[in-house]
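Notes for the structure review
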Amino acid sequence: MEFGRTAAQRDRCRTIRDAGEYDWQRLGELGVLGAAVSVEHGGRGLGALDTALVFEAAGYGCHDTGLVFAAGAHLFAVALPIAEFGSDAQKKKLPGLCDGTLIGANAMTEPDAGSDIGALKTTAVRSGNGYVLNGVKSFVSNGPIADVYVTYAVTDPKAGHLGTTGFVVDAGTPGLVRSEPFGKLGLNGCSAGTVEFHDCAVAEDAALGNGSLVFQHGMLWERACLFAIYLGVQERLIERCITHVKRRKQFGRRLSTFQSVSNRIVDMQLRLESARLLLYKACWAIDQDDDAVLPAALSKLAVSQAAVQTALDAVELFGGRGYQTGEGIEEHLRDAVGGLIFSGTSDIQRQLAALELGL
Ligand SMILES: Cc1cc2nc3c(=O)[nH]c(=O)nc-3n(C[C@H](O)[C@H](O)[C@H](O)COP(=O)(O)OP(=O)(O)OC[C@H]3O[C@@H](n4cnc5c(N)ncnc54)[C@H](O)[C@@H]3O)c2cc1C
């Protein structure tokens, strides 16, 4: 067992943590957008653990957590599925997705199919040499600005969740209608909206493969690697809390000298380090081609819950200033809550874990 980092891992993470300025193009240059895509297709060719370290470093360095989340959604639910399942023609999009020329969005969730992805109503019906898509996708991160969509539709209604197909659809395809961004609680550096398909005709080679397989593959990586963003965010926030409680005085003493204050920070660190170990183990299992469903579900639960609790603790430690907008504290709480919902809610992770435990 090895807990240390290689020189290459340290150098890569330091470059990302210390980049200073971040925007979409810069995330492309830093190798974040294409971390897990092969070098041949313009990515960095990293495994799951190395990819997680990249996202952890970006979560630490980049104070716009929504922007890094947008990069994660783009990589794990669009670029990676195309890299793994795409045709040669579809893979031609990968260099652009990796360097930031293109933005990807994943459109799965529907008004009546959220946790229950077997209830999709969007259909793709064979027509001539292709398919015609009809349906509504209700929550699409990067949706309002994406160039490329990976979406899912029912192609064989009798086959249940196995009767869906993944599709790669370009923005601008007639019949693809996307909304303006809708308002949301947090992760505001990532715009989200709805995407509708109205008799949207796509060619035969827009099909990416069996929807269930493609989606589950992306979700596994997302649950394991994307959540590393929240490890980096928590590390930065804990550092900020330590600085604060060592400086601020009440009752003539530094806050850090009150045991209930220092214990709160110890608990934040305990949650971070426990969640980090689970996340690294889940990524390691993916890299070993082991069954990673249970470790990824446990890791997703641990990291997302730790992120919310730590953000709440930070608000309490900063008191009234922690609650005020513009102080850079309360936004962590708003950014963390989404983690309880996307990539499968906490209830769904528990359900997956229970099944894996034979319950
Ligand atoms: C920040 C953010 C980004 C997102 N980005 C995307 C995206 O890019 N693409 C995309 O397609 N979707 C995206 N989503 C949508 C997300 O995948 C869904 O919101 C999520 O799967 C839950 O579906 P739902 O909202 O329909 O809730 P529901 O499925 O209606 O769930 C509501 C509640 O019921 C519980 N519940 C449901 N079924 C069960 C069950 N069987 N057992 C126990 N409890 C259950 C849930 O845990 C939850 O608490 C995003 C969501 C968020 C918050």
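The structure under discussion appears in the preceding block.
Residues numbered from 1 in each chain as written. Predicted model: local features only at pLDDT ≥ 70, side-chain atom pairs only at ≥ 80, totals over all residues. Heavy atoms only, no water.

1. Brief notes about the site of the ligand
Just so we agree on the cut-off: Residues are labelled near a given molecule or strand when at least one of their non-hydrogen atoms is within 4 Å of it. The definition of a polar contact used here is a pair of N or O atoms within 3.5 Å, where within protein one atom must be able to donate a hydrogen and the other to accept one, and adjacent residues in sequence count solely through side-chain atom pairs. Per the convention used, a helix needs a DSSP run of H or I reaching at least four residues, while a strand needs a run of E reaching at least two, with both numbered from the N terminus. Each residue is assigned to one of three groups, with Ala, Val, Leu, Ile, Met, Phe, Trp, Tyr, Cys and Pro labelled nonpolar, Asp, Glu, Lys and Arg labelled charged, and all others, Gly among them, labelled polar.
Neighbouring residues of the ligand: 15 residues in total, closest Thr 109, Ser 115, Ser 141, Thr 345 and Asp 347. At 2.7 Å from a nitrogen atom of the ligand is found a side-chain nitrogen or oxygen belonging to Thr 109. Phe 139 places a main-chain nitrogen or oxygen 3.0 Å from a nitrogen atom of the ligand. Of all the elements in the fold, those that place two or more residues in the shell around the ligand are strand S3 (130–141) and helix H12 (346–356). Classifying every residue of the shell around the ligand gives seven nonpolar, seven polar and one charged.

2. Let's talk about the packing of helix H8 (residues 228–247) against helix H10 (residues 293–323)
Counted only if it meets this: Axis lines are fitted through C-alpha atoms, for helices just across the contact stretch, and the angle between N-to-C directions can take any value from 0 to 180 degrees. Each angle gets one of four labels, with under 35 degrees taken as roughly parallel, over 145 as roughly antiparallel, 65 to 115 as roughly perpendicular, and the rest as oblique. Here a crossing is called left-handed whenever its near helix is offset anticlockwise from the far helix by less than a right angle, and right-handed whenever the offset is clockwise. The contact criterion used throughout is that any non-hydrogen atoms of two residues lie within 4.5 Å.
Across the interface, H8 lies against H10 with an axial gap of 10 Å and an inter-helix angle of 25°. When the interaxial angle is binned, H8 and H10 end up roughly parallel. Relative to H10, H8 is oriented so that their crossing is left-handed. For the pair formed by H8 and H10, the contact residues are Tyr 230, Leu 231, Gln 234, Leu 237, Ile 238, Arg 240, Cys 241, His 244 and Val 245 on the first element and Val 303, Ala 306, Ala 307, Thr 310, Ala 311, Ala 314, Leu 317, Phe 318 and Arg 321 on the second.

3. What to know about the nonpolar core
Basically, it comes down to this: Buried Ala, Val, Leu, Ile, Met, Phe, Trp, Tyr and Cys residues form a nonpolar core when they are joined through side-chain atoms within 4.5 Å. Per-residue accessibility, obtained with a 1.4 Å probe over protein chains only, is compared with the maximum for each type, and a residue is labelled buried under 20%, exposed over 50%, and partly exposed between these values.
Ranked by internal contacts, the top residues of the largest apolar core, which has 108 residues, are Phe 55 and Leu 279. No other element matches the 12 residues that helix H4 (residues 65–85) contributes to this core. Those residues in contact with Phe 55 that sit more than four places away from it in its chain are Val 32, Val 68, Ala 71, Gly 72, Leu 75, Phe 76, Cys 225, Ala 228 and Ile 229.

4. Quick notes on H8
How we decide: Under the convention used throughout, the expected extent of a helix is 1.5 Å for every residue step, that is, one less than its residue count.
In this model H8 runs 29 Å from its N-terminal to its C-terminal C-alpha over 20 residues, within 8% of the 28 Å that 1.5 Å per residue would give. Counting buried positions along H8 yields 14 of 20 residues, so the element is predominantly enclosed.

5. Structural notes on the pattern of salt bridges
For clarity, the cut-off: A pairing counts as a salt bridge when a side-chain nitrogen of Lys or Arg comes within 4 Å of a carboxyl oxygen of Asp or Glu.
Tallied over the full model, the rule gives 15 salt bridges. A salt bridge links Glu 316 to Arg 264; the nearest nitrogen and oxygen atoms lie 3.4 Å apart. Note that Glu 316 is positioned in helix H10 and Arg 264 in helix H9 (residues 259–287), a separation of 52 residues in sequence. Of the residues examined, Glu 316 reaches a relative accessible area of 49% and is grouped as partly exposed.

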